[in-house]
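What follows is each chain in one-letter form.
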Amino acid sequence: MAKRRPVGEMLVSVQLGRVVQIDAEKVSRGTFFTTDDRWLNQPVKEFLSFAFLEQTSVGKTASVLDPFAGDGHLLEVLAETYGVETSGYDIAGGQWPVNDSLKKVPNPQGSVIVTNPPYLANHSAKRKGVNSIVASYFKQGYDNLWKLALDRCLASADYVVAILPETFLLSTFPKDRLAVISVIEGQLFDDTDAPALVACFGPASVSGAGSVFINERLIGSLARIMECRGKGGRRGKPAHFNIPDGRIGLRAVDGADGNTPIEFLLAEDFDYPRSRVKVSSRLMTYLELPTLTDAELPGFVIRANQLLNSIRVESHDLVLAPFKGNMKNGRRRRRLDYELAREIIARSLS
Ligand SMILES: C[S@@+](CC[C@H](N)C(=O)[O-])C[C@H]1O[C@@H](n2cnc3c(N)ncnc32)[C@H](O)[C@@H]1O
């Protein structure tokens, strides 16, 4: 039976059995404070003004609740900007009433919720040795604490503004109440570089198409952006992935140098060691396309890269997952998941 690691021992090497000590309380509670105010940009401000107007139009006082309030920075900014009443909870107490907001968010005043909930993936909790603290939350079928937190907030307020990881966009979390999203370029937090966005939800009756902004620039509706992903290549199996002697290379992640973007390549032009390809490879790999002759491969590579690049331009990269910070040129690094890669391959073959 596997030995249970003491709380707060993070596994850094399975082979060597190496662990480092981490701050278990900080990690299990996702205590990363929002230190920059650029989340409160024009689209988010317009959404909040509308939400406050809805409150006052039915005789209520305009008010905001942060169920994961931390040092209260979000509430401070909102009180200054709008002069609204504010209240908060936090499991750590401090200046707020103690409440486990991953269980329930009491909201007797019907306040607008504005929050930055804890982010922690189930697999990270295990790797970081804090699983015993948070396991009960994951038992409910969520794979990340932010999803549970967001569900609790949406259950207790008509209007919710949440700072979330950018992976929210590609997640299966229900988006029917989504009105506005603003993807934030730049750092919102001092002590983590997690790419983030602000998601604004309304009651089902007023939520619209989910207008997507990058900072304050309108990009389009979420549905239209996601259409760029197509059907996920579910038309047969034109490609076999992670084949060490495959004739096509796939760099599925942007290089940090800014000169090696995601790209399909002829295997002979790809300098990734074939011996490093595993069944679990997700970033660099070789593929086999059994229906193509050798002579057809160069044309396929050109078409696949053209399609990939047009999808990147059309979706402003939002259909690709963010990956570990920015390139040297300041652009966010992205990763091509194999589902979208299959779609691109299928369309480039037909
Ligand atoms: C990401 S921080 C956000 C703090 C603040 N809203 C901000 O943006 O700076 C998350 C906060 O949620 C609190 N927290 C974590 N789990 C909680 C729970 N189950 N119930 C209530 N608060 C919790 C943490 O103590 C931490 O202060």
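The shown structure was predicted, so the numbers you read here are calculated from the model rather than taken from an experiment.

Asker: Honestly, the packing of helix α8 (residues 297–314) against helix α9 (residues 338–349) in this entry has me stumped. Any pointers?
Answerer: The description of two packed helices rests on the angle between their axes and on the distance between the axes. Running from amino to carboxyl end, α8 crosses α9 at an angle of 125 degrees, the nearest separation of the two axes being 9 Å. Put simply, α8 runs oblique to α9. α8 and α9 meet at a crossing whose hand is right-handed. Of α9, the residues touching α8 (which contributes Phe300, Arg303, Ala304, Leu307, Leu308 and Ile311) are Ile344, Ile345, Arg347, Ser348 and Leu349. Residue classes in the contact of α8 with α9 are distributed as eight nonpolar, one polar and two charged.

Asker: When you look at the site of the ligand in this model, what are you seeing that I'm missing?
Answerer: Within the structure, the ligand sits among 23 residues, and Thr34, Phe68, Asp90, Asp100 and Ser101 are positioned closest to it. A distance of 3.1 Å is found between a nitrogen atom of the ligand and a backbone nitrogen or oxygen belonging to isoleucine 91. Take aspartate 100: an N or O atom from its side chain is 2.8 Å from a nitrogen atom of the ligand. In the complex, 98% of the free accessible area of the ligand, which totals 600 Å², lies under the protein chains. Partitioning the shell around the ligand into residue classes produces eleven nonpolar, seven polar and five charged.

Asker: How should I be thinking about the domain arrangement of the protein chain in this particular structure?
Answerer: Size of an interface, as often reported, equals the accessible area lost when the parts are brought together. When its domains are assigned, the protein chain resolves into domain 1 (10–227) and domain 2 (240–349). For domain 1 versus domain 2, the distance between C-alpha centres works out to 32 Å. Taken over both partners, the interface formed by domain 1 and domain 2 buries close to 1,000 Å², and the fraction arising from carbon and sulfur atoms is 62%. Together, Glu166, Leu170 and Ile225 form the three largest contributors to the area buried by domain 1 at its contact with domain 2, with a combined 40%. Inspection of the region where domain 1 meets domain 2 yields two salt bridges. Here arginine 332 ties to glutamate 166 by a salt bridge, and the two come within 2.4 Å at their closest N and O atoms. The interface formed by domain 1 and domain 2 holds three residue pairs in polar contact (both at pLDDT 80 or more) in total. Elements with a minimum of two residues in the side of domain 1 that touches domain 2: β7 (178–184), β9 (211–214), β10 (217–221) and α7 (222–227). By residue number, the principal contributor to the side of domain 1 that touches domain 2 is α7, which donates three residues.

Asker: Got a minute to help me understand helix α2 (residues 42–57) in this structure?
Answerer: Residues spaced three or four apart along an α-helix point in a common direction, a consequence of the helix completing one turn every 3.6 residues. Along its 16 residues, α2 runs 22 Å from first to last C-alpha, staying within 8% of the 22 Å computed at 1.5 Å per residue. Looking one or two residues beyond α2, the residue adopting positive phi is glycine 59, at roughly 85 degrees.

What counts, and at which threshold
Residues numbered from 1 in each chain as written. Predicted model: local features only at pLDDT ≥ 70, side-chain atom pairs only at ≥ 80, totals over all residues. Heavy atoms only, no water. Axes fitted to C-alpha atoms, helices over the stretch in contact; angles between N-to-C directions. Helix = DSSP H or I, 4+ residues; strand = E, 2+ residues; numbered from the N terminus. Parallel < 35°, antiparallel > 145°, perpendicular 65-115°, else oblique. Left-handed = near helix turned anticlockwise from the far one by under 90°. Contact = heavy atoms within 4.5 Å. Nonpolar A, V, L, I, M, F, W, Y, C, P; charged D, E, K, R; others polar. Near = heavy atom within 4 Å. Polar contact = N/O pair within 3.5 Å; in protein donor to acceptor, adjacent residues only side chain to side chain. Areas by Shrake-Rupley, 256 points an atom, 1.4 Å probe, with all protein chains shown as cover. Domains from an automatic or database assignment. Buried area = accessible area lost by both parts, 1.4 Å probe. Salt bridge = Lys/Arg side-chain N within 4 Å of Asp/Glu carboxyl O. Expected span 1.5 Å × (residues − 1).

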